[in-house]
Amino acid sequence: MSYEARFGFDLRSTGILGICALFVVIALVVPDMSVALQVITIVFFGGGGVFMAAGMASRELALRVDDDGITLGGPPLRRKDTTVSVPWSDIAAVVLFRQRVSHGASMRYIGVRRHEGLPPLPRAQGMAAKAAPRLIPHIPPDVIAASRPISGWRLDEDRLAAAVRQHAPHVPIVDAG
């Protein structure tokens, strides 16, 4: 049994798209708004919303757990540049964690802790790993470099656990908060 999750519309992404649409409508109907502010609002929120909707509609791979290991898909419109596969022989643990963003809100992540001494993953998220000590101090930078946000797709923790148990029963799933 393998487990696969794909990008798609979820409650969070649909809400963000709704907010983008609201700002575009406001920019179009508010009579006293300057043309420059209208253009900036429409380009930023309209363009961002279209970009996000295209990514969600792509149904690209977000996560796969199978016989070979774990594949962490990148953002849908940059998938080829950021997707990475990690074989079971390299994985010491699957790690679930949160990044606190503001006012009690957080972003969930899934990552892998690899065995000591392995070279960095190709296409690892270098900038995220460099910023890790400040952004997510309770998670080691190498785990952050081998992680992806759970955003624009849904993680089914029961199916994840079943797939890991089947393919690599020696690999624990750690909830690092």
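Here we summarise the structure given alongside this text. Keep in mind it's a predicted model, so treat the numbers as computed, not measured. (Residues numbered from 1 in each chain as written. Predicted model: local features only at pLDDT ≥ 70, side-chain atom pairs only at ≥ 80, totals over all residues. Heavy atoms only, no water.)

**Concerning the side chain of R114**
For step 1, the next point in the chain: Structurally, R114 can be placed in strand 6 (residues 105–114).
For step 2, the next point in the chain: By relative accessible area, R114 is classed as buried at 15%.
For step 3, the next point in the chain: A polar atom in the side chain of R114 sits 2.8 Å from the backbone oxygen of P119.
For step 4, the next point in the chain: For R114, the residues in contact, after removing those within four places along its chain, are V86, D90, A92, P119, P120 and L121. (Helix = DSSP H or I, 4+ residues; strand = E, 2+ residues; numbered from the N terminus. Buried < 20%, exposed > 50% of the residue type's maximum accessible area, 1.4 Å probe, protein only. Polar contact = N/O pair within 3.5 Å; in protein donor to acceptor, adjacent residues only side chain to side chain. Contact = heavy atoms within 4.5 Å.)

**Details of the sheet that holds strand 8 (residues 173–175)**
For step 1, the next point in the chain: Pairing within the open sheet is mixed, and its 4 strands lie in the order 7-6-5-8. Two strands in the sheet have a free side with no partner beyond their single neighbour: strand 7 (147–149) and strand 8. With direction set aside, neighbouring strand axes in the sheet form an average angle of 20°.
For step 2, the next point in the chain: Relative to strand 8, strand 5 (residues 91–102) runs parallel, the two sharing 3 bridges. Across the sheet, V94 pairs through a bridge with I173, a residue of strand 8. (Pairing = 2+ DSSP bridges. Axes fitted to C-alpha atoms, helices over the stretch in contact; angles between N-to-C directions.)

**A word on the sheet that holds strand 1 (residues 3–6)**
For step 1, the next point in the chain: The 4 strands are arranged 1-2-3-4 in an open sheet whose pairing can be described as antiparallel. Edge positions in the open sheet fall to strand 1 and strand 4 (84–87), since each of these has one partner strand only. Direction aside, the axes of adjacent strands within the sheet are offset by 5° on average.
For step 2, the next point in the chain: Sheet topology places strand 1 next to strand 2 (residues 61–66); 4 bridges connect them, and they run antiparallel. Among the inter-strand pairings, A5 is bridged to a residue of strand 2, identified as L63.
For step 3, the next point in the chain: Relative to strand 2, helix 6 (residues 157–167) is tilted by about 40°, and along the sheet it contacts strand 1 and strand 2.

**Some details on the nonpolar core**
For step 1, the next point in the chain: L63, V65, I70, I110, W153, L155 and L160 are the most contacted members of the largest nonpolar core, which has 27 residues in total.
For step 2, the next point in the chain: Of all the secondary-structure elements, those providing two or more residues to this core are strand 1, strand 2, strand 3 (69–72), strand 4, strand 5, strand 6 and helix 6.
For step 3, the next point in the chain: Residue contacts for L155: discarding those within four places in its chain leaves Y3, L63, L96, R108, I110, I150 and L160.
For step 4, the next point in the chain: One finds A93, I139, V143 and I144 within the second-largest nonpolar core, a separate group that totals 9 residues. (Core = buried A, V, L, I, M, F, W, Y, C linked by side-chain atoms within 4.5 Å.)

**What about helix 6?**
For step 1, the next point in the chain: Every buried residue of helix 6 is listed here: L160, A161, A162, A163, V164 and H167.
For step 2, the next point in the chain: The inward-facing, buried residues of helix 6 contact strand 1, strand 2, strand 5, strand 6 and strand 8.
For step 3, the next point in the chain: The backbone nitrogen of D158 has a side-chain oxygen 3.1 Å away, supplied by the residue at the start of helix 6, namely D156.

**Observations concerning the pattern of salt bridges**
When charged atoms on two side chains of opposite charge get close, those side chains can pair.
For step 1, the next point in the chain: Within the structure shown, the criterion is met by 5 salt bridges.
For step 2, the next point in the chain: Where R64 meets E4, a salt bridge forms, and the shortest distance between an N and an O atom there is 3.0 Å. Of this pair, R64 sits in strand 2 while E4 sits in strand 1, and the two are 60 residues apart along the sequence.
For step 3, the next point in the chain: Judged by relative accessible area, which is 33%, E4 ranks as partly exposed.
For step 4, the next point in the chain: Here the salt bridges do not stand alone but share partners, grouping E4, R6 and R64 into one network. (Salt bridge = Lys/Arg side-chain N within 4 Å of Asp/Glu carboxyl O.)

**What to know about the environment of G8**
For step 1, the next point in the chain: Positionally, G8 belongs in the loop between strand 1 and helix 1 (11–29).
For step 2, the next point in the chain: Between the C-alpha atom of G8 and that of M56, which follows or precedes it by 48 residues, the distance is 4.4 Å.
For step 3, the next point in the chain: Excluding residues within four positions of it along the chain, G8 makes contact with S13, M56, R59 and G152.

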